[in-house]
Amino acid sequence: MSTERTPLIAGNWKMNGSRAEACTWAEAAVQAAAGASNDVAVFPSHPWLAKVAGILAESRVDLGGQACAAEPKGAFTGAVSAAMLAETGCRFVLCGHSERRHVFGETDEYVGASLAQALEAGLEPILCVGETSEERAAGRTQEVILRQLDAGMAHLRGASDPLVIAYEPVWAIGSGQAASPAEAAEAHGWLRARVAETDAERAEGVRILYGGSVNPDNIGRFLEVPDVDGALIGGAALDPNKFGAM
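Quantities reported herein were computed from a predicted structural model and do not represent experimental measurements.

Draft legend 1. Layout of the overall build of the protein. Looking only at helices and strands, the protein features 11 helices and 8 strands. Considered along the principal axes of its C-alpha atoms, the protein spans approximately 45 × 45 × 35 Å. Buried residues in the protein amount to 50% of all 246 residues. In the protein, of all internal contacts separated by at least 6 residues, the share reaching a separation of at least 24 is 71%. If you sum the accessible surface of the protein, you get close to 10800 Å²; carbon and sulfur atoms cover 50% of it. On the protein, the mean spot of the 19 positive side-chain charges and the mean spot of the 32 negative ones are 3 Å from each other.

The following block contains the structure:
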């Protein structure tokens, strides 16, 4: 991990947690982050964002939304706009998490449009990319993740637009089978090199997180990889002790 890029440890709670549990997890994150040198963020379910925002106020933990719509407003029942997330106190929003792509059918085009909405609302998008087990077996990992990256970056308006990238191999999410540090290094290297093709300065500064069955036992091995700048954590983020340890 580069000493020039502050690592980001992000906990994605997905569709988990009651109101009381969300409060407990947020309070634990605040306590754990108090003495940390890295950045920390949590991504609660949308109904708990306002409550969690109050708990995180004045702390070192940032708030994030799990997804935002590709449109600013309108007749999109069940959707949440980027502006709504920003008004609730979010700094970050996930764009194109694998579950949004593969469960809800979000295309590269939709993900790119949601990233554009995030930027317009003043949010910092975390663009998620990753291949399925079938795509990896077919030798298409590089093709897939660079295609997803390109589709998202096409919506950047200029060099000052913020961006975080998260590499999450779909086959590793929730499976207990994390990618190896070597596999993460290869993928992260491809991603940083692609960014450098158009913006060398951004490539040097952009944080690229690893996600997929990250836990306290393996996170250290990932953070030793030069191009890994933090982690996007799912299941382990629901355990305050595990998240605090990371």
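Draft legend 2. Representation of the pattern of salt bridges. Throughout the structure, instances matching the rule amount to 20 salt bridges. Across the salt bridge formed by Arg-5 and Glu-204, the nearest N and O atoms sit 3.9 Å from each other. Note that Arg-5 is positioned in the segment before β1 (8-12) and Glu-204 in helix α9 (residues 200-205), a separation of 199 residues in sequence. Accessibility expressed as a relative area gives 41% for Glu-204, which makes it partly exposed. One salt bridge connects Arg-157 with Glu-120, and the closest N-O pair in it is separated by 3.5 Å. One end of the pair, Arg-157, is in the loop between α7 (141-153) and β6 (164-167); the other, Glu-120, is in helix α5 (residues 108-120), and 37 residues separate them in sequence. Each member of the pair, Arg-157 as well as Glu-120, carries the same accessibility label: exposed. When salt bridges with common partners are traced through the structure, they connect Arg-5, Arg-192, Glu-204, Asp-227 and Asp-229 into a single cluster.

Draft legend 3. Spotlight on α5. Between its first and last C-alpha atoms α5 spans 18 Å; for 13 residues at 1.5 Å apiece the expected length is 18 Å, and the two agree. Of the positions making up α5, those classed as buried are Asp-108, Val-111, Gly-112, Ser-114, Leu-115, Gln-117, Ala-118 and Leu-119. Contact partners of the buried residues in α5: α3 (82-88), β4 (92-95), α4 (98-102), β5 (124-129) and α7.

Draft legend 4. Quick look at the packing of α7 against helix α8 (residues 181-198). In contact at an axis separation of 10 Å, α7 and α8 are set at 40° when each is read in the N-to-C sense. Judged by the angle between their axes, α7 and α8 are oblique. Of the two elements, α7 crosses α8, and the hand of that crossing is right-handed. Facing Thr-141, Gln-142, Ile-145, Leu-146, Leu-149, Asp-150 and Met-153 of α7, the residues of α8 in contact are Ala-187, Trp-190, Leu-191, Arg-194, Val-195 and Thr-198. The class makeup of the residues in the contact of α7 with α8 is 8 nonpolar, 3 polar and 2 charged.

Draft legend 5. Geometry of the nonpolar core. Ranked by size, the top nonpolar core spans 58 residues in total, and within it Leu-191, Tyr-210 and Ile-233 carry the most contacts. It is helix α1 (residues 19-33) that provides the largest number of residues to this core, a total of 5 residues. Beyond its immediate sequence surroundings of up to four residues, Leu-191 is in contact with Val-129, Ile-145, Leu-146, Leu-149, Ile-165, Tyr-167 and Ile-208. If you look at the next biggest cluster of nonpolar residues, it comprises 12 residues, including Ala-10, Phe-92, Val-164 and Leu-232.

Cut-off values and rules
Residues numbered from 1 in each chain as written. Predicted model: local features only at pLDDT ≥ 70, side-chain atom pairs only at ≥ 80, totals over all residues. Heavy atoms only, no water. Helix = DSSP H or I, 4+ residues; strand = E, 2+ residues; numbered from the N terminus. Buried < 20%, exposed > 50% of the residue type's maximum accessible area, 1.4 Å probe, protein only. Contact = heavy atoms within 4.5 Å. Areas by Shrake-Rupley, 256 points an atom, 1.4 Å probe, with all protein chains shown as cover. Lys, Arg positive; Asp, Glu negative; His and termini not counted. Charge placed at Lys NZ, Arg CZ, Asp CG, Glu CD. Salt bridge = Lys/Arg side-chain N within 4 Å of Asp/Glu carboxyl O. Expected span 1.5 Å × (residues − 1). Axes fitted to C-alpha atoms, helices over the stretch in contact; angles between N-to-C directions. Parallel < 35°, antiparallel > 145°, perpendicular 65-115°, else oblique. Left-handed = near helix turned anticlockwise from the far one by under 90°. Nonpolar A, V, L, I, M, F, W, Y, C, P; charged D, E, K, R; others polar. Core = buried A, V, L, I, M, F, W, Y, C linked by side-chain atoms within 4.5 Å.

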